[in-house]
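Chain residues, written in single-letter form:
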Amino acid sequence: MPLLLLLETATTVCSVALARDGKLLSIRETSEKNSHAAVITLFIDEVIKEAGITMNEIDAVAVSEGPGSYTGLRIGVATAKGLCYALDKPMIAVGTLDAMAAGISCKLQVANCKLQLTTYNLQLAIPLIDARRMEVYSAVFDAAGTMIREIRAEIIDEHSFAEYLGEHAVIFAGDGALKCKPLFENHPNVLFLDDFAPSAAYMIPLAEGKFKENKFEDLAYFEPHYLKEFVAGLPRVKGLR
């Protein structure tokens, strides 16, 4: 069974985990803004040392592929590619929203709150990532973790997700969920997971599944799933304008 190094940098969270046989061995993470470049290699070193292994022992590196922060994704993917080139290991890409949906399911099981939501049996998970202004990156997943509506960059308003809210129990999670809360927090079919954040730990089952199926990325051509074009702002450092 594989020994996987997992990197999650698509949002404000920087998370690094090590897993063997689907079980978490070690994890380091922080939600400190703009810290990814400063801490990711330190976190990698710490999880490796805590597990008592060497870098050469890992079987693959899994990285969150987006959508999410342009800078965060670039840092994670560049780090993963560098490790894979140096160690001659394969790279696995895991969708950020897919991993978040897996994490939502895990959180609900731990909280044992599934039956307390509504009388509906069918539940849907909607992970949301803040894309600035009133826009979010989102997708819709069923209770089995299957994506039933594609990933979109969308502006949240009172009509958002209307086709799901009337007939399903819907769970919103992620930093983008804050944009839904003023509109839907009193809806009888809606649950908000307020303490939810992306984590490399949620990538484990998805990454392991891809490893077993030999679904590896081409290191030379792989690019993160940005979803939107990157637009550079004016530099704020004096003299660079």
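Owing to the predicted nature of the structure, the values given are computational and were not obtained by experimental measurement.

(A) Quick look at the nonpolar core. Core analysis: the biggest nonpolar cluster contains 30 residues, and Leu6 and Ile104 have the highest contact counts within it. Element by element, the count of residues in this core is highest for helix α3 (residues 96–111), at 6 residues. Not counting residues within four places of it along the chain, the set of residues in contact with isoleucine 104 comprises Ala125, Ile126, Pro127, Ile171, Ala173, Leu193 and Phe196. The next biggest cluster of nonpolar side chains, apart from the first, holds 26 residues, and it includes Ile40, Phe43, Ile75 and Ala80.

(B) Looking closely at the environment of leucine 87. Among the secondary structure elements, leucine 87 is positioned in helix α2 (residues 70–87). Classification of leucine 87 as buried rests on a relative accessible area of 17%. When the C-alpha atoms of leucine 87 and alanine 60 are compared, they prove to be 9.3 Å apart, with 27 residues separating the residues in sequence. In this structure leucine 87 touches Met55, Asn56 and Ile58, once residues within four positions along its chain are discounted.

(C) Seen up close, the sheet that holds strand β7 (residues 135–141). What the 5 strands build is an open sheet, ordered β8-β7-β6-β9-β10; its pairing is mixed. Each having just a single partner strand, β8 (147–155) and β10 (190–193) make up the two edges of the open sheet. Averaged over all pairs of adjacent strands, the angle between their axes in this sheet comes to 20 degrees, without regard to strand direction. Across 4 bridges, strand β9 (residues 169–173) lies against β10 in parallel orientation. Residue pairing for β10: alanine 173 is matched across the bridge by leucine 193.

(D) Quick peek at the side chain of histidine 168. Mapped onto the elements, histidine 168 comes out in the loop between α4 (162–165) and β9. Looking at histidine 168, its side chain comes within polar contact range of the main-chain oxygen of tyrosine 164, at 3.1 Å.

(E) View of the pairing of strand β1 (residues 3–8). With respect to burial, β1 is a largely interior element, 6 of its 6 residues being buried. Of the two faces of β1, the one carrying Leu3, Leu5 and Leu7 and the one carrying Leu4, Leu6 and Glu8 are both buried. Once β1 ends, the chain turns through 5 residues before running back antiparallel as strand β2 (residues 14–20).

(F) Expanded view of the pattern of salt bridges. Counted by the stated rule, this structure contains 11 salt bridges. One salt bridge connects arginine 149 with glutamate 154, and the closest N-O pair in it is separated by 3.1 Å. On the basis of relative accessibility, which here comes to 14%, the residue glutamate 154 falls in the buried class. Between lysine 212 and glutamate 208 there is a salt bridge, and its shortest N-O distance comes to 3.9 Å. With a gap of 4 residues between them, lysine 212 and glutamate 208 both fall in helix α6 (residues 204–212), about one helical turn apart. In this structure lysine 212 comes out as exposed when scored by relative accessible area, which is 51%. With a relative accessible area of 11%, glutamate 208 lands in the buried category. Salt bridges sharing partners connect three or more residues here, namely Arg28, Glu46 and Glu50.

Conventions and cut-offs
- Residues numbered from 1 in each chain as written.
- Predicted model: local features only at pLDDT ≥ 70, side-chain atom pairs only at ≥ 80, totals over all residues.
- Heavy atoms only, no water.
- Core = buried A, V, L, I, M, F, W, Y, C linked by side-chain atoms within 4.5 Å.
- Buried < 20%, exposed > 50% of the residue type's maximum accessible area, 1.4 Å probe, protein only.
- Helix = DSSP H or I, 4+ residues; strand = E, 2+ residues; numbered from the N terminus.
- Contact = heavy atoms within 4.5 Å.
- Pairing = 2+ DSSP bridges.
- Axes fitted to C-alpha atoms, helices over the stretch in contact; angles between N-to-C directions.
- Polar contact = N/O pair within 3.5 Å; in protein donor to acceptor, adjacent residues only side chain to side chain.
- Salt bridge = Lys/Arg side-chain N within 4 Å of Asp/Glu carboxyl O.

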